[in-house]
Every structure is written in structure tokens, then in C-alpha cells.
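Read off the chains here:
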Amino acid sequence: MSSQDIPEENLPAEQSAGHDEHGHGAVSVADEKHPFADPGLPPHEHRIQDIDERAAKRSERSVALMFTVSMLATIGFIAAFVAIPVDKSVYIFPLGHISALNFALGMTLGIALFCIGAGAVHWSRTLMSDVEIADERHPIEAEPEVREKVFADFKQGAKESALGRRKLIRNTMLGALTLVPLSGVVLLRDLGPLPGTKLRHTLWSKGKLLVNMNTNQPLRPSDVAVGSLTFAKPEGLEEHDHDFQNEIAKAALMIVRIQPENIKDKRELEWSHEGIVAYSKICTHVGCPISLYEQQTHHVLCPCHQSTFDLSDGARVIFGPAGHALPQLRIGVNDEGYLEALGDFEEPVGPAFWERG
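Keep in mind the model is a prediction, meaning the values are calculated, not measured. (Residues numbered from 1 in each chain as written. Predicted model: local features only at pLDDT ≥ 70, side-chain atom pairs only at ≥ 80, totals over all residues. Heavy atoms only, no water.)

**Quick notes on the nonpolar core**
Okay, step 1: Ile 290, Val 300, Leu 311 and Leu 326 are the most contacted members of the largest nonpolar core, which totals 17 residues.
Okay, step 2: Elements supplying a minimum of two residues to this core: strand S5 (253–257) and strand S6 (276–280).
Okay, step 3: With near-sequence residues (within four places) excluded, Leu 326 lies in contact with Met 254, Tyr 279, Ser 280, Ile 282, Cys 283, Thr 284, Ile 290, Val 300, Phe 309, Leu 311, Gly 314 and Ala 315.
Okay, step 4: With 16 residues, the next largest nonpolar core counts Leu 210, Leu 253, Ile 331 and Leu 339 among its residues. (Core = buried A, V, L, I, M, F, W, Y, C linked by side-chain atoms within 4.5 Å. Buried < 20%, exposed > 50% of the residue type's maximum accessible area, 1.4 Å probe, protein only. Helix = DSSP H or I, 4+ residues; strand = E, 2+ residues; numbered from the N terminus. Contact = heavy atoms within 4.5 Å.)

In C-alpha cells, the structure reads:
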């Protein structure tokens, strides 16, 4: 239905208004001074939605329907992420057997995004103003008159978009745009399992034997000589275990024996056994394994960035970029004479992180 089929009394006022020589439909004639003709803009033809409110309402409902479908698809995305098992597969012709979770996530997210885009396009093509306006270019400087014109044009555009009047479209669009970002938030949960308290605990617990890393045998106090450095692991942790590297990176232990009278820190002495002290082997700077021990000073050195710790004084930092002392493991001897842990480290091992404790 074109504007030619509508009686003049039903057309908006600007349609029946005459055009000046610079308005819509103006056609200039080429001459010697201006060899190129300027045809101007063609006469504007009103859409059916411009002249029939029932058609406008139909378009409004169509746009609102697409935004509503987008909201439902986003909810379906979240429901599929929660409900469908990762290992479930379905047969989709002609794709064959594919992951049910991936298929559901892709379909729902695609529908959600498509409906927002399609709704916005349909809204702009049927309800927003489609009047073509010729505007002369202006200097880059924003004169007061230009700013006033920009604000006026913005207000006019906002009015012509009917966003305030078409409340159904506005509300459903805001709902769709609010829900669809939740898809990205939900995907963040799939970056991996939540760490929980894994960073705060190791395999050490009360009664775990200290096992020599080299001989794979439990340690007795007599196995640790004064001035020696021994590396230990928790009882039950074997190199062929699938999580060995992850666990040893937290539970690796270094054991030294110091004359009790040379231990300066009171708690260190209480947590030792006959001068045998056990500290985390993981440097508190960036997590490098500490392996250098100076028996005369009881200092241990991290080979990566030269952080130095005094094992006779609570393993405090005396040099380098490490931020705090090495965690100490409280040890004792069981009934069979083997060194055992009396609990886990009381603080996380390795590099510092927020809310440490």
C-alpha cells in the first residue's frame, strides 16, 4: 500500500506540503556554470505503519515477540548448561553424532542473538522514521548553533523512534538486552572446576609419614644428619599418580637438622623433633623449588630470583623478592620411630595471594 492509494486527508501534514526548490523532489538543470545536475531526493512515500495504527501495532507486537523469544532462548541456554551432561551425544542429520550440550548451547545462544538483531532491524524498518534528510557539512568546530541543532536532532530522533510511546517494545528490548549477557557470565563457569580450598591445603595430615624423595622410604630421625638437606613427600603419593605433579607442587618438603640451641624461633623449636625441622620447598615468591642450603648459616636460597630464608629463625626472608617466610610443617615421631606429620601447613604454600591465611 503506497501513499498514492491513501486519500490526502489521511496523509501526515508534511506529505501534502509543497516542496521548495531545495526540498524533496527538487531537480536542478545543468548549465554552463553548473554542468552536473542535482536531482535532489525522490518524493518520500509513507509506509503502511505511518498511516495505519493497526499495522504499527502489528509491527510492534512482532518486534516484542522477537525480543521475548530472545529472552526465552537465553533462559534455555542457561538451563541447557546446567541440565545437559557433558558426555551426552545426540544424532543430528546430517551432522551425525555430536555433543548434545554444544548443540543446545549453540542453538539457544544463536537464537537469542539473532532475535535481538532481527527485532532491532524490523523495528527500525517499520516504526522508526525513514524520512531522508539532507544536511550540509559544517566545519569541525562545534559552534553553539551546531550543538543546539545536534541536541534538537537527538530529541527529535528519540521522539520519532517511539521508544517512549511503544512501551511494549521498550520493555521487551530491555529484557532481551539484559538477559543475553548472562550467557557470557555462565560460560565463565566452564573455564574449569572451582578451586575451592585446594590452594590452602596439601596432602599432609596428622599421621602421614615423611617419605624420602630419593629412596622412597619413610624417614627416621637417625636418617637426617646435622647440616644435611633432605627432600620428602607425603606417604602414599607416587610418581605414577595422575595428579602427582599438582600435589607435589604443594606438598614438597625440605628437612634439615639444626642443633636445638641454634634455633632462634620458639614456635619453630616446638614444631621440630630433636632439631629436625620441616619446611615447604616451594618459594613464596613465584613458586620455584628451593634446593640450595648453606649449613654454616642455615640459609636456603631460591635459584630463580635469589630469595634467601633463614631456617634457624622461622624461615624468615632475609634477602630477595619473596614476601613472607616459608610455611613450617609440624612433625613428630610415631610408635615405630618414623617421622610423621602432626597436621597440614597452617597457611598456604607458595606465592602469596589475597586473603592469605
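On we go from here.
**Remarks on the UniProt feature "transmembrane region" (unreviewed entry) in the protein chain**
Okay, step 1: Per the UniProt record, "transmembrane region" (unreviewed entry) is annotated on residues 63–86, 98–121 and 168–188.
Okay, step 2: Overall, residues 63–86 shows 88% helix and 0% strand. The separation of its end C-alpha atoms is 35 Å.
Okay, step 3: In this annotation, residues 168–188 is assigned 95% helix and 0% strand; the end-to-end C-alpha distance for the span is 32 Å. (UniProt positions renumbered as here; feature names shortened; annotations may be inferred.)

**Observations concerning the pairing of strand S1 (residues 89–92)**
Working note: regular strand, side chains alternate between the two faces of the sheet.
Okay, step 1: As paired elements, S1 and strand S2 (residues 96–99) share 4 bridges and run antiparallel to each other. In the sheet register, Val 90 faces S2, and the bridge partner there is Ile 98.
Okay, step 2: Adjacent in sequence and paired antiparallel, S1 and S2 are bridged by 3 residues. (Pairing = 2+ DSSP bridges.)

**What about helix H3 (residues 53–83)?**
Along an α-helix, residues three or four apart share an orientation, since each turn contains 3.6 residues.
Okay, step 1: Under the 1.5 Å per step criterion, the end-to-end length of H3 is 44 Å for 31 residues, consistent within 8% with the ideal 45 Å.
Okay, step 2: The N-cap of H3, judged by a side-chain oxygen 3.0 Å from the amide nitrogen of Arg 54 a few residues on, is Asp 52. (Expected span 1.5 Å × (residues − 1). Polar contact = N/O pair within 3.5 Å; in protein donor to acceptor, adjacent residues only side chain to side chain.)

**Here we look at the pattern of salt bridges**
Okay, step 1: Applying the stated rule across the entire model yields 12 salt bridges.
Okay, step 2: A salt bridge links Glu 346 to Arg 267; its shortest N-O distance comes to 3.8 Å. Placement of Glu 346 in the segment after strand S13 (339–341) and of Arg 267 in helix H9 (residues 266–270) is noted, with a sequence separation of 79 residues between them.
Okay, step 3: Accessibility expressed as a relative area gives 57% for Glu 346, which makes it exposed.
Okay, step 4: Arg 267 gets classed as partly exposed once you look at its relative accessible area, which sits at 38%.
Okay, step 5: Among the salt bridges present, the one from Asp 313 reaches Arg 316, with a minimum N-O distance of 2.5 Å.
Okay, step 6: Via salt bridges that share partners, Glu 53, Lys 57, Glu 60 and Arg 166 belong to a single interconnected network. (Salt bridge = Lys/Arg side-chain N within 4 Å of Asp/Glu carboxyl O.)

**Looking at the packing of H3 against helix H6 (residues 167–179)**
The description of two helices packed together rests on the angle between their axes and the distance between the axes.
Okay, step 1: Taken N-terminus to C-terminus, the directions of H3 and H6 make an angle of 20°; their axes are 8 Å apart at the nearest point. One way to sum up the angle between H3 and H6 is to call them roughly parallel. Between H3 and H6 lies a crossing whose hand is left-handed. In this structure, H3 uses Glu 60, Val 63, Ala 64, Phe 67, Thr 68, Ser 70, Met 71, Thr 74 and Ile 75 to contact H6, whose residues at the interface are Lys 167, Leu 168, Ile 169, Thr 172, Met 173, Gly 175, Ala 176 and Leu 179. (Axes fitted to C-alpha atoms, helices over the stretch in contact; angles between N-to-C directions. Parallel < 35°, antiparallel > 145°, perpendicular 65-115°, else oblique. Left-handed = near helix turned anticlockwise from the far one by under 90°.)

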